[in-house]
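Coordinate inspection notes
As a plain string of letters, each chain reads:
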Amino acid sequence: MRLAFTNAIPLRLGRANRVEIPWARLVRTTALSMLGIVAFLFLWAAAARNIDTSLGQFPGPAEVSAQAANLFQEHVAERERERAFYQRVEEFNARRLAEDPNYQPKPRQYTGKPTFLDQIGTSLVTVAAGFVLATLLAVPIGIVIGLSQTLYAAINPLIQIFKPVSPLAWLPLVTMVVSAVYVSDNPAFSKSFINSMLTVMLCCLWPTVINTAVGVANVSKDLVNVSRVLRLPWLTHVRRVVLPGAIPMIFTGLRLSLGIAWMVLIAAEMLAQNPGLGKFVWDEFQNGSSSSLGRIMVAVLAIGLIGFLLDRGMLLLQRALSWDKSAILR
Amino acid sequence: MTHLSIDHVSIEFPTPRGPFKALSDVNLKIERGEFVSLIGHSGCGKSTVLNIVAGLYQATEGGVLLEGREVNEPGPERAVVFQNHSLLPWLTAYQNVELAVKQVFRGRKSKAEMREWIEHNLMLVHMGHAMHKRPDEISGGMKQRVGIARALAMEPQVLLMDEPFGALDALTRAHLQDSLMEIHAELRNTVIMITHDVDEAVLLSDRIVMMTNGPAATVGEILEIDLPRPRDRVALAEDPRYNAYRQSVLRFLYEKQRKVEDLPKRAASRAAARAEQGGARSAG
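Focus: the interface of chain B and chain A
Contacts between the two partners involve 17 residues from chain B and, on the opposite side, 14 residues from chain A. When contributions to the side of chain B that touches chain A are tallied by element, the ones reaching two or more residues are β6 (78–81) and α2 (93–104) of chain B. Looking at the side of chain B that touches chain A, the element that brings in the most residues is α2(B), giving three residues. The class makeup of the residues in the side of chain B that touches chain A is 12 nonpolar, five polar and no charged.

What to know about the sheet that holds β6(B)
Residues and elements named next belong to chain B. Here six strands make up an open sheet; going across it, the order is β6-β7-β8-β3-β9-β10 and the pairing mixed. Each edge of the sheet is formed by a strand with only one pairing partner; in this case those strands are β6 and β10 (219–224). Neighbour-to-neighbour, the strand axes of this sheet turn through a mean angle of 20 degrees, independent of strand direction. Sheet analysis places β6 next to strand β7 (residues 158–162), joined by four bridges and oriented parallel. The residue of β7 that forms the bridge with V80 is L160.

Some points on the domain arrangement of chain A
Looking at the assigned domains, one finds that chain A contains domain 1 (1–50) and domain 2 (115–321). Taken over C-alpha atoms, the centre of domain 1 of chain A sits 29 Å from the centre of domain 2 of chain A.

As for the sheet that holds strand β2 (residues 18–30) of chain B
Spatially, β2-β1-β4-β5 (chain B) is the arrangement adopted by the four strands of the open sheet, whose pairing is antiparallel. A strand with exactly one partner marks an edge of an open sheet, and here the two such strands are β2 and β5 (69–70) of chain B.

Overview of helix α3 (residues 111–124) of chain B
With 14 residues, α3(B) should cover 20 Å at 1.5 Å per step; its first-to-last C-alpha distance of 20 Å lies within 8% of that length. Downstream of α3(B) by a residue or two, B:H126 has a phi angle that is positive, lying close to 60 degrees.

Re the pairing of strand β9 (residues 207–211) of chain B
Residues and elements named next belong to chain B. Most of β9 sits inside the fold, with four of its five residues counted as buried. Note that strand β3 (residues 35–39) and β9 share four bridges and pair parallel. Bridge pairing in β9 places I39 opposite M210. Note: β9 against β10, five bridges, orientation antiparallel. From the neighbouring strand, M210 faces β10, where its bridge partner is E221.

Cut-offs used in this document
- Residues numbered from 1 in each chain as written.
- Chains lettered and ligands numbered in written order.
- Predicted model: local features only at pLDDT ≥ 70, side-chain atom pairs only at ≥ 80, totals over all residues.
- Contact = placed C-beta atoms within 7 Å.
- Helix = DSSP H or I, 4+ residues; strand = E, 2+ residues; numbered from the N terminus.
- Nonpolar A, V, L, I, M, F, W, Y, C, P; charged D, E, K, R; others polar.
- Pairing = 2+ DSSP bridges.
- Axes fitted to C-alpha atoms, helices over the stretch in contact; angles between N-to-C directions.
- Domains from an automatic or database assignment.
- Expected span 1.5 Å × (residues − 1).
- Buried ≥ 20, exposed ≤ 12 C-beta atoms within 10 Å, placed from the backbone.

So this is what it looks like as C-alpha cells:
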C-alpha cells in the first residue's frame, strides 16, 4: 500500500509533469495498490479467524470497521452530551438570574472522558509541538556544525551516542526533571504534555541535525568560492548560498525526524499515561472487553494512516519551499 | 608601479606523502588593461596561479601585489569567472548578478541605480532577453555569459577567468570570444585568462604566458602578440603573423614541454595531479 501510494501521489501532484504522465500508468498504479489492499484484507480476515485470544477471536476487517463506526458514534454522542450539559448550565443560570439579579454564575466545566478523536487531536498537537521545537534546535545546530569541520568533529560523537537512545529511557528522566523544574500555580500546559513533548524532541532531534550538517557541508565548493570572492557576510552567506543548497537534505532529515517523532509519541504516551493515542491503546488493553482488540486495531490503522499523512505533508512543504521543482521527491 | 605583480610565487600542498610543490618561483608583471592568457598542459598549475591571485589559495613563498597592496584574501576587486559558471541555481540570472551588485555597491548606489547597473551588465553580455530565467532554463553558453556579467558587475580591477569557455561547443565559444573582445575593447579591464586552446589565446591576448609542466611548474616563455585590434578571426586565419604566433605556442607545448607519455611517467603525473587536487581541496 505504501509503495503504491508513494508512486501515485507525486505523479498527481507534479504540476509540470501532469501532461506527460501516461494515463495507462496512473491507472495501473492505482489498480495495483487497490489489489494490494484487497489481498491484505483477505489474508487478514483468514488469519484472524484462526487466532483465539483470552479476549475472544482476533478482530478481522469487519469487526474493526464496526468498531471504527462505534468509536465515531461515541464521539458524536459525547459531543451531544457536552452540548446538552452546557445548555443545562445556561438554562440554570438564566433561571437563577431571573430569581435573583445579584446572582454570580459559577463557571462549570464539562468533565466527560476524551473520545478517540479527542485523543488523536491531543497526540497531533503534542507531536507538532515536539517536532517544531526539535526543528528549531536541530536546523541551526546542523548549519553551524556543517560549516565548521572543527565543531563537527567535537559534536559528532555526542550525536552518535544520543541518537540511538530509546524514548523509554529518556522518559523517566524527563518526567522527574519536569516535575522539579516546571512549577507553576497556573500552568499554561499540563505536565504530561510537556513530558511527551520533550521526549519527542529529544528523540527526533538527531536525523535533522545530521542531515542538515551533511547538506551544508556538501554545498558546492564553487558556490562557496563565489561567496568568498564577494566577501558575503556570514548571515547572507548562510541565507543565500548555504540554506538553499542544503534544503533537500534538511527535508530528508525533517521527514525522518517527523516519522520518529510520531513513533516515539505513541510509546511515550503509553508508558507515561499521558493523554493521546498511546493512552487510548493502553486503556483499551487494560479494559479487556470483547471489543478491546478491535478498538486497538482501529487505533493501529489510525496511527499508520496519520504517520503516512504527516510524511506527505512534509513532502508538500518541501515542494513549496525547494527551489528545484524538478527534483524527484519520494 | 606595476598594476599587478605576481612576485616569486611558490606553493606547496600537504599530501599524505609529504608536501607537493605545485608552483615554483612564478614571476609575472601585468599592466593595467592588459589581456594575459596562461596556457599550459592540464595539471601544470595554471588554475593554482589564478586561485592565488584571486586570494582563494595562499602562496607558500612570494606573493601577489595589486596596485602595491598585498593580496591575501578573496575580494570583488579581483572578480573570478569560474570554469563551470558557478551560478546559484536557485536564483535567476538577474538575481545572481544582483547578489554581487548589492554586496559590492551597498551604500554607494541607490536601488534604481543598482537595477540599472545589473541590467546594463546583462545587456553587455547579450542576456537582456533572458535575465529572469534560472540557470537550469538557459544553455551552457548563456550561463557562462551570466557568470561574466556577474564578474563585470563587480567593477573589478582584475578579471580572472578560469577556462571560461572550456565546457562550450566550438560555435558558442567563438561567439563568446567575440563578445569578450568587444567588452574588453570597451571597458579595458585587466584580464588574466586560463586556457588550453591555442587559437583562443592568440586571438584574445596581448601576451601569452606559457607554463612548464608540473610539478614545480613555472613560467616557461612569454609571447607578445602584436596584432592590431579589433581582431577578426576570419581575417587573421590567413595572416602570417597570426600563424607564426600560433606556431610558436604549439612548438612550446608540443616540442619543448611535451607531455611524456610513457606509462610509468603517466601514472606518476596522474598521481601528482591527484595530489594537487587533494591538496587543493584541503587548502581551499
